[in-house]
Amino acid sequence: MDNIIFDKKWQDEHLIELKITADSELVSAYQSCYVQDTALVEISKKIQNYIDNYNESCYLEFGHKEGNYTPAFSMNILPADETGHMKVEVDIEIADNDTRIHRCCFYVKSELGLIERLGISLKGLVDAVEGEKVYLN
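Residues numbered from 1 in each chain as written. Predicted model: local features only at pLDDT ≥ 70, side-chain atom pairs only at ≥ 80, totals over all residues. Heavy atoms only, no water.

## A short note on the sheet that holds strand β6 (residues 85–93)
- Spatially, four strands are ordered β4-β5-β6-β7 in an open sheet, and the strand pairing comes out antiparallel. Bordering the open sheet on either side are β4 (58–62) and β7 (103–111), each of which pairs with just one other strand. Between one strand axis and the next, the sheet turns by 20° as a mean value, whatever way the strands run.
- Bridge count between β4 and strand β5 (residues 73–77): five bridges; the pairing is antiparallel. Bridge pairing in β5 places Glu 61 opposite Ser 74.
- Most of the contacts of helix α1 (residues 37–52) go to β4, to which it runs at about 165°, and overall it touches β4, β5 and β6.
- Seen against the sheet, helix α2 (residues 112–124) touches β4, β5, β6 and β7 and runs at an angle of roughly 115° to β7. (Pairing = 2+ DSSP bridges. Helix = DSSP H or I, 4+ residues; strand = E, 2+ residues; numbered from the N terminus. Axes fitted to C-alpha atoms, helices over the stretch in contact; angles between N-to-C directions. Contact = heavy atoms within 4.5 Å.)

Encoded structure:
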């Protein structure tokens, strides 16, 4: 049931629109955000660095959480336990007001191998066709 889905909706020369859906046992939420293609490549690198050192958390931000920007999404991949399981804390902005104060934060469960695959797949979204989806689990 736990999952994070990145759906590529649109792309121009360097900007990508993603619809991000996160599901847990208790919550399901989604939002659209815009991210530079170079930022997706950097996020992929950060995930690979996390795989190499999974005893520390890894914070990733898609868009900007503050300021006059479109809605943002973030996830904090927490340290893995001895069996390779971890939680990912997702923070989804609810774009229902101009002050950007409504957010939905919750955990999505995952595993090291799935996180590694996510990092590789997110980098692939840069050259993927519109409508391509990347799944965490």
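## As for the environment of Gly 84
- Here Gly 84 shows up in the loop between β5 and β6.
- Gly 84 gets classed as buried once you look at its relative accessible area, which sits at 11%.
- Setting aside chain neighbours within four positions, we find Gly 84 in contact with Ser 110, Glu 111 and Leu 112. (Buried < 20%, exposed > 50% of the residue type's maximum accessible area, 1.4 Å probe, protein only.)

## What to know about the packing of aromatic side chains
- One pass over the structure, following the stated rule, counts four aromatic pairs.
- With centroids separated by 6.3 Å and ring planes inclined at 75°, the aromatic side chains of Trp 10 and Tyr 34 adopt a geometry described as edge-to-face. Note that Trp 10 is positioned in strand β1 (residues 3–11) and Tyr 34 in strand β3 (residues 28–36), a separation of 24 residues in sequence.
- Seen in terms of ring centroids, Phe 62 and Phe 73 are 5.5 Å apart; in terms of plane orientation they differ by 55°. Their pairing is tilted. Here the residue Phe 62 occupies a position in strand β4, and Phe 73 occupies one in strand β5, the gap between them amounting to 11 residues.
- A network of ring pairs unites the aromatic residues Phe 6, Phe 62 and Phe 73 as a single cluster.
- Positioned over the ring face of Tyr 30 is Lys 19, at 4.5 Å from the centre of the ring.
- One cation-aromatic arrangement involves Lys 87 over Tyr 107; the distance from NZ or CZ to the ring centre is 4.9 Å. (Phe/Tyr/Trp six-rings, centres within 6.5 Å; stacked < 30°, edge-to-face > 60°. Lys NZ or Arg CZ within 6 Å of the ring centre and 35° of its normal.)

From the geometry alone we can't say anything about function, so treat these as descriptive.
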